[in-house]
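Descriptive analysis of the structure
Spelled out, the chains give:
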Amino acid sequence: MKKFLLLNPPLSEVERSGALAKATARSLPYGLLSVAAVAREAGYAVEILDAAIDGLGLPETAERVLAAKPDYLGITTVTVSIDRTAELADLIKRQAPSLPIIVGGAHLSSVPEETLRRFPGFDLGVIGEAEVSVVALLRALDAGADLGGVNGIIFRREGDLVRTPKQALIKDLDVLPLPAWDLVPDVVRRYRPSAPSYLRLPSTTIVTSRGCVGNCLFCNSKSIHGYLRCFSAEYVLKLIRHLVKHYGLRDLSLYDDNFLFHPERVEAVCRTLLDEKIDLTWSCYSRVDQGNPELFRLMKKAGCWQVSYGVESGSQLILDFIRKHVTLEQIERTLVATKQAGLRTRGFFMIGHMRETHDTIRQTLDFLLRLPLDDFHFTTFTPLPGTPAYEIADQYGTFDRTWSKMNLQYPSFIPHGLTAQDLEAYSKLAYRRFYFRPRVLLGYLGMLLRHPRNLLRLWNGLQALVTRIFLKDHSDKQAYKSSAG
């Protein structure tokens, strides 16, 4: 039986999340778990090595890979980790030149040709949805067959890159086996969502859909995963029952971009959770143009405690430019309805958009403080590879295209008329003015009183917040004056 080793490459929490590392998620390599389950079902001996969660460096990771003696190595990548992943591939190739190194993940899927041109240590790439392509690729490698017959891959042939036709999307996601959680040791102890995303432990994250209905300028989800497809309510409940029974799960973060898009599916999940009296608290993510008061009330009864929304900006001009296709009134109306149902609300914002100005940032700060939010998070607008923004960013500002710097925390793109110091000052100002308000602090105190075991989680979040505000000595006095006046 051939051995297939799947690797999540080394990447520290600080490299991934900067000053917010103490509150960041210990992310489960969910894509690897799904690929592992399919490859195992196809007859391969599969192992998973998560070098990031193990805190391994490049030499230690290479040693572990070589010691496992795999027949094939598959590595998942994101943009911020791609350079180190390539270094790792080079280290492994020096000692095992005949080992096929297969790379996949969001970054490779976004810019496959450019990635393989830059990094000769990668032999093959799997583009987009991997489950079908990976199995076909492994079988072709086993047989020594022409790889040109495998859809959805890119490979090297006599010094040239060959990209095969796109692999058809899986229409019925329910055909996939449950993710291979058993291949990750101590899964509920070693992994957890970010500090604001769980209420109790053990907690984990699942994804119950793929693709997106949006067409936002900054996102590559639709280009990678295509149109929105959802696992059925029955499949989602099977996932939940499995995690509760075998891992003692008590809290769940549903990490879909569009979890509320099909309300009938959400209703079916909620009613079954209630009927079966499953002891589970959970949170989810959604667009701000989804959901309704009746659904929110049912979710609350079924254990939901928080909904996170992608707000992005408080300027209608910016929302229209990034093709968000929502209005400020819609955002406010949805958040009010969510709060009235008794759910906590969290908003995700970006700062430093293309066409961003001091005035649009001030509008965002004012909007942030007006909304009924319990939590919020700022990232810097980053034109990631594979997004429409990546192609046009240079028209609207200064863009550092160094992939390893694109962790969304510190600006790689600076819009015309603003500086990196401006963006950082406004970001610090937003965190300070939002969180140091009585309503928000009392909300956290109420959570602590209801769930005393949250003390460590909230302490980690507070440490991250203080670090984020005071990390650098940039003056934000002028930003404060502008926003206040």
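Residues numbered from 1 in each chain as written. Predicted model: local features only at pLDDT ≥ 70, side-chain atom pairs only at ≥ 80, totals over all residues. Heavy atoms only, no water.

With respect to the element layout, Val311 can be found in strand β13 (residues 304–312). Owing to a relative accessible area of 0%, Val311 belongs among the buried residues under this scheme. Along the backbone, Val311 and Val326 are 15 residues apart, and their C-alpha atoms lie at a distance of 9.1 Å. Sequence-distant contacts of Val311, that is, excluding residues within four places in its chain, are made with Val288, Leu319, Ile331, Gly347, Phe348, Phe349 and Phe367. (Helix = DSSP H or I, 4+ residues; strand = E, 2+ residues; numbered from the N terminus. Buried < 20%, exposed > 50% of the residue type's maximum accessible area, 1.4 Å probe, protein only. Contact = heavy atoms within 4.5 Å.)

Within β13, nine of the nine residues are buried, which leaves it mostly tucked inside the rest of the structure. In the sheet, strand β12 (residues 281–286) pairs with β13 via five bridges, with the strands oriented parallel. Bridge pairing in β13 links Cys284 to Val307. A crossover links β12 with its parallel partner β13, the connecting element being helix α13 (residues 293–301), and its sense is right-handed. As defined by bridge partners, β13 adjoins strand β14 (residues 344–351) across six bridges and the pair is classed as parallel. Its bridge partner lying in β14, Gly310 is registered against Phe348. (Pairing = 2+ DSSP bridges. Right-handed = clockwise from strand over helix to strand, strands pointing away.)

What follows covers the packing of aromatic side chains. Counted according to the given criterion, the structure contains 20 aromatic pairs. With 5.8 Å between their ring centres and 25 degrees between their planes, Phe376 and Tyr435 make a pair best called stacked. Note that Phe376 is positioned in strand β15 (residues 375–380) and Tyr435 in helix α18 (residues 420–435), a separation of 59 residues in sequence. Residue Tyr435 is classed as buried on the basis of its relative accessible area of 9%. Here the aromatic rings of Tyr431 and Tyr435 are separated by 6.3 Å at their centres, their planes lie at 10 degrees, and the arrangement is stacked. (Phe/Tyr/Trp six-rings, centres within 6.5 Å; stacked < 30°, edge-to-face > 60°.)

On to the confidence of the model for the chain. Across the chain, the average pLDDT comes to 90, with 89% of residues at or above 70. Per-residue pLDDT stays below 50 along residues 473–485; that stretch engages in 22 contacts with residues further than four places along the chain or on separate chains. (pLDDT = per-residue confidence, 0-100.)

This paragraph deals with the pattern of salt bridges. Tallied over the entire structure, the rule returns 26 salt bridges. A salt bridge links Arg190 to Asp54, with the nearest nitrogen and oxygen atoms 3.0 Å apart. With Arg190 in helix α9 (residues 187–190) and Asp54 in helix α3 (residues 51–54), the pair connects residues that are 136 residues apart, well separated along the chain. Arg190 gets classed as buried once you look at its relative accessible area, which sits at 16%. For Asp54, a relative accessible area of 28% translates into the label partly exposed. Asp279 is the salt-bridge partner of Arg200, the closest N and O atoms lying 3.1 Å from each other. Linking Arg200 in the loop between α9 and β8 (203–206) with Asp279 in the loop between α12 (263–275) and β12, this pair joins segments that are 79 residues apart in sequence. Overall, the relative accessible area of 51% leaves Asp279 in the exposed class. Three or more residues are tied together by salt bridges with common partners; here these are Glu129, Glu131, Arg210 and Arg229. (Salt bridge = Lys/Arg side-chain N within 4 Å of Asp/Glu carboxyl O.)

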